[in-house]
Each structure stands twice: as C-alpha cells, then as structure tokens.
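A structural walkthrough
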Number of protein chains: 2
Amino acid sequence: MTKHDIVLFAKAFADDTRQKIMKLCCCEWLSVNEIVERLGNVTQPTVSHHLAVLREAGLVDARHEGKQTFYSLNQQRVVSCCGQLMLNFAPESDVTEAVADKLE
Amino acid sequence: MTKHDIVLFAKAFADDTRQKIMKLCCCEWLSVNEIVERLGNVTQPTVSHHLAVLREAGLVDARHEGKQTFYSLNQQRVVSCCGQLMLNFAPESDVTEAVADKLE
DNA sequence: TTGACAAATAGACAACCATCAATATAATAA
DNA sequence: TTATTATATTGATGGTTGTCTATTTGTCAA
C-alpha cells in the first residue's frame, strides 16, 4: 500500500458518478449495461471509463461471461485503504487502534 | 456527513502535495511558512491554496496568533470520514463493524 | 459468414485544478 | 506614519479529467 495507491484511491472516490457506481455494485455483480441503466444519466462509454479508473485503483473486480462483463466492488480494498488512511493521518485516535488490531 | 462531504474529503486526499501537508501537521501546529519551508518545492500561495481546500473539507483547524496562522490536522475528521466511507462501501466487513461500534 | 449485441477504445471539447508571479490585506515594529 | 513580515487573494497558464459521439473489438446466434 504505497502513497501512490492512496492517491489513486482518493481520486477514485473524488467523483460523484464513481461513488454512485461503487454504491450500485457494492454487494452484487452488475453488468456494464445494468450500471448504465440504473444510473440513467450517463452513456455507456462514460461508465466504461469510470470502471477503468476504479479497476486501476483496485476497487472493483471484473468477471467476463459471454458478451458481458460483470463488476463488483472490492470491499476488502476499501477497508485496507481506509485503514491505511487512518494509520497515516489519525494515529492518535482509538478508532485507528481498533482498526489496526483488526487489519493485522 | 452528507455525500457531498465525502466527495470533498476524497478530493482533499486526491493530491500528493495536500497529503504531504496533512502528514506534516498531523500531530502538531505549524505556521504557513513552516509548512512552505518543510515542503521545499512549492510557493507560499500554493500552500495557502491547499490549506483552503483542506479547511473547506473540515480536515484542518486554524488558529491565528499575531501575524501568523497555525494549522493542525483534524484527526477526528479523518476518522469519521473514513468510518463513513467504510459504512457506505464496505458494509459486509467485520472491520467496518468494529469501526461502527467505536464511532457511535 | 453475416448480423446483432456488449463493452472497450479513440478523439474532441469544456470544465476543473495545481501552480506560479504579482498584489492585497492584516498585524506588528520602528 | 512608514516599513516589515505573514498570510490570503487574484489572474494567468498548462495539465488533468468527465463527458460525449463515433468507432472498434469480442462474442454469440442464425
């Protein structure tokens, strides 16, 4: 978990559309078209672009099936990035200590 | 803690210079000039700009003293934003549950 | 092989942002 | 008051990014 990873992680979250996509595929696998339909206000290429950003940040997993590609949020990645953020920038918090215990 | 807050929080972290500034004033109060000197590669107006971004995200506290302004990272804010992120985007993780217990 | 559908990629454009030099504001000292 | 120091603000500039349309690639069915 390098500093670069944390910047990529933050960049990924620094956009409302991407947050909506992550919320959608938080606990289920969705095809690109399903994401496009549920968002309702962005085109398919735009969604593909955002999914590429999320992939590069390690925040979504992809699974190919026939013509379709299904995506799902990598919750473990969210946890470890948030944990790292707390370790780096909130070392004096007891919440951080609790997270550190759980993460090791 | 609205969705807008989370986007502001992520934007604040989505820049390497701002991460360095936050690291510097993580556990102490620093004047703007001290931050400029410790960074070494950015001008004073640039630092003031970044501090404004961090202020608007609620991530630093400011204290005026004479001509100087001292800044310090708000660690509690880091914790609550990270916690909210985990609650929203990693609800199935046991680390998230541990954080939720601590945060209430 | 052809046609249809799903997703990714390319290219263009406008909006945003990180940075700087220059200037303004505010507080103190002489 | 005038000069000096610390910080904030303004305006400009180059780079990045979110979005779109158009096209390409890949997969399957007829």
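Remember, it's a predicted structure, so these values are computed and weren't measured experimentally.

Our focus in this paragraph is the protein's contact with DNA strand C. Within the structure, DNA strand C sits among 24 residues, and Gln44, Ser48 and Tyr71 of chain A together with Thr46 and His50 of chain B are positioned closest to it. Across the atoms of DNA strand C situated within 4 Å of the protein, the share located in sugar and phosphate is 75%. The separation between a phosphate oxygen of DNA strand C and a polar main-chain atom of Asn33 of chain A is 2.9 Å. Contact between DNA strand C and Thr17 of chain B: a phosphate oxygen at 3.1 Å from a side-chain N or O atom of the residue.

The grouping of Asp94, Glu97, Asp101 and Glu104 of chain A at the surface amounts to a negative patch. Residue classification places Glu97 of chain A among the exposed residues on the basis of a relative accessible area of 52%.

Glancing now at the protein's contact with DNA strand D. The environment of DNA strand D is made up of 24 residues, and the closest members are Thr46 and His50 of chain A together with Gln44, Ser48 and Tyr71 of chain B. Among atoms of DNA strand D positioned within 4 Å of the protein, sugar and phosphate together represent 72%. With respect to DNA strand D, the backbone of Thr43 of chain A contributes an N or O atom lying 3.0 Å from a phosphate oxygen. Among the elements of the structure, α2 (16-24) and α4 (44-56) of chain A together with α3 (32-39), α4 (44-56) and β3 (68-73) of chain B are those that each provide at least two residues to the surface near DNA strand D. Considering only residue class, the surface near DNA strand D consists of five nonpolar, 13 polar and six charged.

This part is about the interface of chain B and chain A. With 35 residues of chain B at the interface, the matching set in chain A holds 35 residues. Across the chain B-chain A interface, the total number found is zero salt bridges. Where chain B touches chain A, the interface holds two residue pairs in polar contact (both at pLDDT 80 or more). At eight residues, the largest contribution of residues to the side of chain B that touches chain A is made by helix α5 (residues 75-89) of chain B.

All names here are of chain A. As paired strands, strand β2 (residues 60-65) and strand β3 (residues 68-73) are joined by six bridges and run antiparallel to one another. Across the sheet, the residue bridging to Asp61 is Ser72, located in β3. Where β2 folds back onto β3 in an antiparallel hairpin, the turn is made up of two residues, including Gly66, whose phi is positive at roughly 60°.

Turning our eyes to something else, we now look at the sheet that holds β3 of chain A. In space, the three strands of this open sheet follow the order β1-β3-β2 (chain A), with antiparallel pairing throughout. Since the sheet does not close on itself, it has two edges, and those belong to β1 (30-31) and β2 of chain A, each with one partner.

Below, the discussion takes up the packing of helix α1 (residues 3-13) of chain B against α5 of chain B. Residues and elements named next belong to chain B. At a minimum axis distance of 10 Å, the contact between α1 and α5 shows a crossing angle of 115°. Where α1 crosses over α5, the two elements pack in a sense that is left-handed. Taken together, the residues of α5 that come into contact with α1 (itself represented by Asp5, Ile6, Phe9 and Phe13) are Arg77, Val78, Cys81, Cys82, Gln84 and Leu85. Taken together, the residues of the contact of α1 with α5 sort by class into seven nonpolar, one polar and two charged.

Quick notes on the rules
- Residues numbered from 1 in each chain as written.
- Chains lettered and ligands numbered in written order.
- Predicted model: local features only at pLDDT ≥ 70, side-chain atom pairs only at ≥ 80, totals over all residues.
- Heavy atoms only, no water.
- Near = heavy atom within 4 Å.
- Polar contact = N/O pair within 3.5 Å; in protein donor to acceptor, adjacent residues only side chain to side chain.
- Patch = residues over 30% accessible without salt bridge, like charges linked within 9 Å, V, L, I, M, F, W, Y side chains within 5 Å.
- Areas by Shrake-Rupley, 256 points an atom, 1.4 Å probe, with all protein chains shown as cover.
- Salt bridge = Lys/Arg side-chain N within 4 Å of Asp/Glu carboxyl O.
- Lys, Arg positive; Asp, Glu negative; His and termini not counted.
- Charge placed at Lys NZ, Arg CZ, Asp CG, Glu CD.
- Buried < 20%, exposed > 50% of the residue type's maximum accessible area, 1.4 Å probe, protein only.
- Helix = DSSP H or I, 4+ residues; strand = E, 2+ residues; numbered from the N terminus.
- Nonpolar A, V, L, I, M, F, W, Y, C, P; charged D, E, K, R; others polar.
- Contact = heavy atoms within 4.5 Å.
- Pairing = 2+ DSSP bridges.
- Axes fitted to C-alpha atoms, helices over the stretch in contact; angles between N-to-C directions.
- Left-handed = near helix turned anticlockwise from the far one by under 90°.

Remember, this is a structural readout, not a statement about activity or role.
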